[in-house]
Amino acid sequence: MCGAVQYYPYGTLGNLLYVFIDRANVLYNNRTTATSHKAQERFLKQSSSREGHNQRPKLVDGLGNFEPRDLQPREGPGENGKPHFLRQEQQNDADQSESQYGMNIACSDEISLDRSILDTRLEECKHWDYPTDLPSTSVIIVFHNEGWSVLLRTVHSVINRTPSYILKEVLLVDDFSDKENLKSGQLEKYIERFNGKVRLIRNTQREGLIRTRSKGAKEAKGEVIVFLDAHCEVNINWLPPLLAPIYRNHKTMTVPVIDGIDHKSWEVRPVYGDDRHFRGIFEWGMLYKENEVPMKELQTRKYNSEPYKSPTHAGGLFAINREYFLEIGAYDPGLLVWGGENFELSFKIWQCGGSIEWVPCSKVGHVYRSFMPYNFGKLANKKKGPLITINYKRVIETWFDEKYKEYFYTREPLARFLDMGDISEQIALKERLNCKNFQWYMENVAYDVFDKYPELPPNIHYGELRSGAVNKCLDTLGHGPPALMAISHCHGFGNNQLIRLNAKGQLGVGERCIEADAQGIKLAFCRLGTVDGPWLYDENTHVLLHRVHKKCMALHPQTSHLSLMPCDVNNTYQQWYFKQISVKYS
Ligand SMILES: [Mn+2]
């Protein structure tokens, strides 16, 4: 059943009493049962015909016009976003689903599909009136082998917490799942209860997330499309704040702020601190990062709950005008499966005349999985080399200026050897849309990237770092920082053995740095905002000098422990050789 509708009757505006009720309980009141949920919608819909697109959201004294009027308290497992713990004898099921799906489906199965959620919004968010003639919206949910209850809770939350006159449809797009309950017609049967509001289309072969989303966009009937992952729960009054900026300017893409849903207990928790705002940026290896919103941007707003501009976004959840999305070419069809598409869309939007705003009053819970529970199947065989890096290369070769491309290749030296395919269509699109260059984007939009990730000095060396004494290479062994570096068999593939020394003495591996202290040679977080380091490589003697400690990197002959020792240029255990790797992908 999709009962327990949480989008509720239109009641008296301006009753401050509601406001002071404990926010964690999400009980507004239930006094207004005389008017129905439909009545609130009817009222909003009627007022919609009188408005023009210059309407802005207005902060009001009472509850905002789209706020639910009488949310009923609910009792049961996981209600109000509380954690749910299984009984001891269910541990087997829990473990099994964890290893199959990367999340505890056994736990999810015990929680109502209509469960109530913890209202994590800023208090101020309850007091905005939004235009009532907001654009009709298709919510597009792409899935591949998602857990049944997880997928359907996503759907139920959207149906329950979205004004139905704005919600054109929920469009489920199956990327060729092979789990029995998802492909057997059971899902078609289930969604009949939504009377056409939920639609299902399927791929006839695996296409990957990126292409499947573009397909969903073409198929959708709403004026605006919202993409959600298939393991989400939308929060109270999530959609109107997301639509309002698009309604005013159809080239604005909006992004909800994400809460975490624990993949073991299904507890809903805010990811971010109370009233601090973050926005999406990147480092030069194209890893997605977040940064506290700079004062310069915060100051453009009057209220702390208002949307703010962001250079990019994490990728999973956003809203955009459908025709605009298609006009700018949707996603580059040459991007495969997953990865880099968030940057592609962001650079394209900003450089070609649009903008991206994050919307603090729109909250969506998202389950962070413990691992990717599926492989890329045949899709991965179509390309030689790491798919995600190939995607990044397409994106930066299309949107970066020459200077910025160098930063990427400095950080990911092997990307130069990858075959990114043909990008002439992307370049033509960039010309046709008369897009600005990347320099403009860096100066006007992503100006805070340099605060954390300054321009990269060139590499003096990169490759494997081989010991002069034994036939082994420096290796992180896949550990995260802080961890001791080690040596192991030289495998020639780079990855955890791909070491870079830059012109300012920084020794790096991936996005991390190699430093040293009394315990030994260590993998460390690079100091944000800096690109220099203590290392000096002597091309003649092959020692690696630590300029601060005035000692050299040394391998212990018996224990293989790596540490700093008084320099001895004749000791082969202190000699190191960079061997350039040029991976032959084709
Ligand atoms: Mn996800």
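The name given to the protein in an unreviewed UniProt entry is Polypeptide N-acetylgalactosaminyltransferase, with the source organism recorded as Popillia japonica.

Tracing the sequence through the fold places Lys82 in the loop between β1 (58-59) and α2 (91-101). For the pair Lys82 and Glu124, spaced 42 residues apart in the sequence, the C-alpha separation amounts to 23 Å.

Let's shift gears to the UniProt feature "domain: Ricin B lectin" (unreviewed entry) in the protein. The positions UniProt marks with the feature "domain: Ricin B lectin" (unreviewed entry) are residues 462-579. Structurally, residues 462-579 comprises 0% helix and 45% strand, and the distance from its first C-alpha atom to its last is 7 Å.

With that settled, consider the confidence of the model for the protein. This prediction gives the protein a mean pLDDT of 90; 90% of its residues lie at or above 70. Note that residues 1-35 has pLDDT below 50 and, in this model, 80 contacts with residues that lie over four places away or in other chains.

Further remarks concern the domain arrangement of the protein. In terms of domain boundaries, the protein breaks down into domain 1 (16-270 + 305-339 + 351-367) and domain 2 (459-579). Each of domain 1 and domain 2 was reduced to a C-alpha centroid, and the two centroids are 47 Å apart.

Let's shift gears to the environment of Glu290. Along the chain, the position of Glu290 falls in strand β11 (residues 288-292). Taking the C-beta count within 10 Å as the criterion, Glu290 has 16 such neighbours and is therefore assigned partly exposed. Here the alpha-carbon distance between Glu290 and Arg279, two residues eleven residues apart in the chain, equals 5.4 Å. When sequence neighbours within four positions are dropped, the list of residues in contact with Glu290 reads Phe278, Arg279, Gly280 and Ile281.

Right, let's talk about the pairing of strand β19 (residues 499-502) for a bit. Alternating residues of β19 divide into Ile499 and Leu501 and Arg500 and Asn502, and every residue in both groups is buried. Here β19 runs beside strand β20 (residues 507-509); their pairing, made up of two bridges, is antiparallel. Note that in β20 the partner of Leu501 across the bridge is Leu507. Between β19 and the antiparallel strand that follows it, β20, lie four residues; Gly505 among them carries a positive phi value of about 85 degrees.

Definitions and limits used
- Residues numbered from 1 in each chain as written.
- Predicted model: local features only at pLDDT ≥ 70, side-chain atom pairs only at ≥ 80, totals over all residues.
- Helix = DSSP H or I, 4+ residues; strand = E, 2+ residues; numbered from the N terminus.
- UniProt positions renumbered as here; feature names shortened; annotations may be inferred.
- pLDDT = per-residue confidence, 0-100.
- Contact = placed C-beta atoms within 7 Å.
- Domains from an automatic or database assignment.
- Buried ≥ 20, exposed ≤ 12 C-beta atoms within 10 Å, placed from the backbone.
- Pairing = 2+ DSSP bridges.

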